[in-house]
Amino acid sequence: MSELYNNIEPNVIDDEMLQKAIEEQRPEHIGKLAKRTDILQIDNLWQFENLTKLQLNNNIIEKIEALESLVHLVWLDLSFNNIEVIEGLDTLVKLQDLTLFNNRISKIEHMDTLQELQIFSIGKNNLTTLKDVIYLRRFKKLRTLNLRGNPLCDDEEYMLFVVAHLPDLVYLDYKRVSDTTREVAVLKYQDLIEPLEREEAQALAQLEEELAKQKELEYHKAAFVEYLNGSFLFDSMYAEDTEAAKLVYLPGVDDLQQAYRKEFVSVCEDLFNYGLKEHEKREAEVSDFYESLREALTANQQEGRKLILDFENRNKRRLYEIRNASSYDIAESKRAESKEDILQLSDALMTLEMLTADQLEELIGDFKGNIAVIASTFIENVKGMITQCRDLENRHHEELLEISITTLEKSVKNELDEDLPADVQMLLVDKNTIVNAVNTSHGIHLLKIDKRESDILSNTYRWQTSVTEKAIQNEINRNRERVGEIIQYIDNLQEELDNLRDLGDDGVGLTQAGQLP
């Protein structure tokens, strides 16, 4: 443990400590936490999720923890502590500068998510092997590295090894990497670097392939037909079907099941392709709706701007006339005209908004109707295709039952041409046993089919509700905000006019009340 323990009482970051830091510094830049040197445990930082800089150096912290909420952190200093393991940094994806200088760390690890890292200081720790440096190759933006003071620095190949394995490094141990050093390093370690680069390229290609598959899967999920482009549903029907695993040994069942599988998968693929096509149709309908919405709002905004511009041109002249009126009566007359003009502007803007709201309500109504038709058509066709799956299952069940009973009859007469596994023979003790096994298998398959149909229908209903309710709520919010803007604008105009009256009532000459800006 640190020698500080001998003289300082350890503390945990608590509310009182944080409050003091807030009082001394701006919340988004809580630096040294009131310059404490007695912090043993990091805690209670969840309330500072917008923090970008955190300095906890020169304490007695033993573990990196409780930082998961600081997702906007860019700069983190944990130097001069008692940390032994790099951990707890997974959510700090924006981190650019990390300082772990003078701790007790023996391995560089658990930093994979820090892809924005540019500066990393981990000098004066317990790093002993140069291979630790290879881990840092994943940080493509790393330009500054400090390893000075670690045992691995004593290796005579230290500098060349680091520079060769981190070709984009600009500064190492506070010194700029020279072109000469870089050339020598690359030449010396070429035989090691080239296989490493090939491995990394393969890993990157594999990652890109996995990401592409994940993206494709997300698209299939959005179309409500994920895993239907193959035998997944069919295989899932048999995955938990222990009876089917026995029945397949009966004569002729394997061929029957393979034929069934082929037809079933074909229907699933038809459903999959239909689902993708309908997804595109749904997306196009939503896109067309919002495009029509934008066009209507743009026309409204242009008309509104024209009304306001015409008014402000008139109002500017009238306010000037009020300020420079030669008599009180003339000023009052102009003020009355201005007040009436404001009222007329208010009526015009409100009327325009009412017409726009009616137009958008009609658009939303048509949109809601179109979505309902698209959803209902999709649902009916899905039900039809799922019914095909059920029909195939029912036909398979009947044929399997016929084979099973025939096999039972042959078994009773000792006419079977082949020996069956013991657990299969147990099904042939009597008719009830074999029929129950076939019916149990059938029931499992139907449940799987029903579940898949239910999932597709539920997702469709959920999408229909979500997309229409979103359109309705967006319009409610827009209308409320627009009406509020109009009221606020009109109130400001009226207040400006009333202020001119106050100037006149206070005895200030109207011509001295100030000119228009």
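Please read all numbers here as calculations on a predicted model, not as lab measurements.

Colleague: Whenever I open this one, the overall build of the protein chain confuses me. Can you help?
Modeller: A tally of regular secondary structure across the protein chain gives 10 helices and 9 strands. By residue count, 38% of the 517 residues in the protein chain fall in the buried class. Sequence-distant contacts in the protein chain: of pairs separated by 6 or more residues, those separated by 24 or more amount to 61%. Working note: accessible area of the protein chain is about 28900 Å², and carbon and sulfur atoms make up 50% of it.

Colleague: In this structure, what is going on with the nonpolar core? I would like to understand it.
Modeller: A general feature of soluble globular proteins is that nonpolar side chains tend to end up buried together. Core analysis: the largest hydrophobic core is formed by 50 residues, its most contacted members being L67, L76, L89, L98, M111 and F120. Looking at this core, the element that brings in the most residues is helix α2 (residues 158-165), giving 5 residues. Other than its neighbours up to four places away in sequence, M111 contacts I86, L89, L98, L117, F120, Y135 and F139. Core analysis: the second largest hydrophobic core is formed by 40 residues, V265, I364, L392 and V467 among them.

Colleague: Would you take a moment to explain the packing of aromatic side chains for this structure?
Modeller: In this description, a pair of aromatic rings is defined by centroid distance and the angle of the planes. Overall, the coordinates contain 12 aromatic pairs when judged by the stated rule. Taking NZ or CZ as reference, K53 lies 4.6 Å from the ring centre of W75, over its face. Of note, K188 hangs over the ring of Y189, and the distance from its end group to the ring centre comes to 5.9 Å.

Colleague: Even after reading the chapter, I still don't get the side chain of S338, so can you show me in this structure?
Modeller: The topology assignment puts S338 in helix α8 (residues 328-412). Ignoring sequence-local partners within four residues, the contact set of S338 consists of N315, R318 and L497.

Colleague: How should the environment of Q118 be read in this particular structure?
Modeller: Tracing the chain through its elements places Q118 in the loop between β5 (97-99) and β6 (119-121). In this structure the C-alpha to C-alpha distance between Q118 and L95, which are 23 residues apart in sequence, comes to 8.4 Å. Dropping the residues within four chain positions of it, Q118 is found in contact with Q96, K141, L142, R143 and T144.

Colleague: Can you help me understand the environment of L70 in this one?
Modeller: As for its placement among the helices and strands, L70 is situated in the loop between β3 (53-55) and β4 (75-77). We classify L70 as buried; its relative accessible area is 0%. C-alpha of L70 to C-alpha of T91: the two residues are 21 residues apart in sequence and 7.6 Å apart in space. L70 has contacts with L45, F48, E49, L51, L54 and L92, leaving out every residue within four places of it along the chain.

Colleague: Got a minute to help me understand the pattern of salt bridges in this structure?
Modeller: In a structure, side chains of opposite charge can pair up when their charged atoms sit close to one another. One pass over the full model with this rule turns up 23 salt bridges. Across the salt bridge formed by R395 and E263, the nearest N and O atoms sit 2.4 Å from each other. A residue pair is termed long-range when its members are at least 10 positions apart, and R395 in helix α8 and E263 in helix α7 (residues 253-323) qualify at 132 residues. One salt bridge in this structure joins D450 and R390, with 2.9 Å as the shortest N-O distance. Of this pair, D450 sits in helix α10 (residues 431-505) while R390 sits in helix α8, placing them 60 residues apart in sequence. Counted as one network, the salt bridges with shared partners bring together R314, R318, E337 and D341.

Colleague: I keep staring at the sheet that holds β5 and nothing clicks. Help me out?
Modeller: Sheet strands pair via backbone hydrogen bonds, and the direction of the pair is either parallel or antiparallel. Strand order across the open sheet formed by 7 strands is β3-β4-β5-β6-β7-β8-β9, with mixed pairing between neighbours. A strand with exactly one partner marks an edge of an open sheet, and here the two such strands are β3 and β9 (175-176).

Colleague: What should I look at first to understand a nonpolar patch on the surface in this one?
Modeller: Where nonpolar side chains cluster on the molecular surface, the patch consists of L204, L207 and L211 and spans about 280 Å² of accessible area. On the secondary structure map, L207 appears in helix α4 (residues 190-222).

Colleague: I would appreciate a short explanation of the packing of α4 against α7 in the present structure.
Modeller: When two helices pack together, their arrangement is given by the angle between the helix axes and by the axis-to-axis distance. Running from amino to carboxyl end, α4 crosses α7 at an angle of 80°, the nearest separation of the two axes being 9 Å. Overall, the two elements α4 and α7 adopt an arrangement that is roughly perpendicular. Here α4 contributes Y219, H220 and A222 to the contact with α7, which in turn contributes F272, L276, H279, E280 and R282. Grouping the amino acids of the contact of α4 with α7 by side-chain chemistry returns 4 nonpolar, 2 polar and 2 charged.

Colleague: Any chance you could explain the side chain of R282 here in plain terms?
Modeller: Inspection of the secondary structure puts R282 in helix α7. It turns out R282 is buried and unbridged, and the closest side chain with the opposite charge, E278, is 5.4 Å from it. Discounting residues that sit within four places of it in the chain, R282 has contacts with A222, A223, F224, I374, F378 and W463.

Colleague: Would you explain a negative patch on the surface in this entry?
Modeller: Side chains of D358, E361, E362 and D366 sit close together on the surface and give a patch of like negative charge. Inspection of the secondary structure puts D366 in helix α8. The partly exposed category is assigned to D366, whose relative accessible area is 46%.

Colleague: Can you walk me through the packing of α7 against α8 in this structure?
Modeller: Direction vectors running N to C along α7 and α8 enclose 180°, while the axes themselves pass 10 Å from each other. What the angle tells us is that α7 and α8 run roughly antiparallel. For the contact of α7 with α8, the class distribution of residues is 36 nonpolar, 14 polar and 18 charged.

Colleague: What exactly am I supposed to notice about the confidence of the model for the protein chain here?
Modeller: Should the pLDDT be low somewhere, the predicted coordinates at that spot are not to be read in detail. Within the protein chain, residue pLDDT values average 90, and 90% of them lie at 70 or more. This stretch, residues 27-34, has a pLDDT under 50; its non-local contacts, to residues over four places away or in other chains, come to 33 contacts. Taken together, the stretch residues 506-517 has pLDDT below 50 and engages in 20 contacts with residues farther than four places along the chain or on a different chain.

Quick notes on the rules
Residues numbered from 1 in each chain as written. Predicted model: local features only at pLDDT ≥ 70, side-chain atom pairs only at ≥ 80, totals over all residues. Heavy atoms only, no water. Helix = DSSP H or I, 4+ residues; strand = E, 2+ residues; numbered from the N terminus. Buried < 20%, exposed > 50% of the residue type's maximum accessible area, 1.4 Å probe, protein only. Contact = heavy atoms within 4.5 Å. Areas by Shrake-Rupley, 256 points an atom, 1.4 Å probe, with all protein chains shown as cover. Core = buried A, V, L, I, M, F, W, Y, C linked by side-chain atoms within 4.5 Å. Phe/Tyr/Trp six-rings, centres within 6.5 Å; stacked < 30°, edge-to-face > 60°. Lys NZ or Arg CZ within 6 Å of the ring centre and 35° of its normal. Salt bridge = Lys/Arg side-chain N within 4 Å of Asp/Glu carboxyl O. Pairing = 2+ DSSP bridges. Patch = residues over 30% accessible without salt bridge, like charges linked within 9 Å, V, L, I, M, F, W, Y side chains within 5 Å. Axes fitted to C-alpha atoms, helices over the stretch in contact; angles between N-to-C directions. Parallel < 35°, antiparallel > 145°, perpendicular 65-115°, else oblique. Nonpolar A, V, L, I, M, F, W, Y, C, P; charged D, E, K, R; others polar. Lys, Arg positive; Asp, Glu negative; His and termini not counted. Charge placed at Lys NZ, Arg CZ, Asp CG, Glu CD. pLDDT = per-residue confidence, 0-100.

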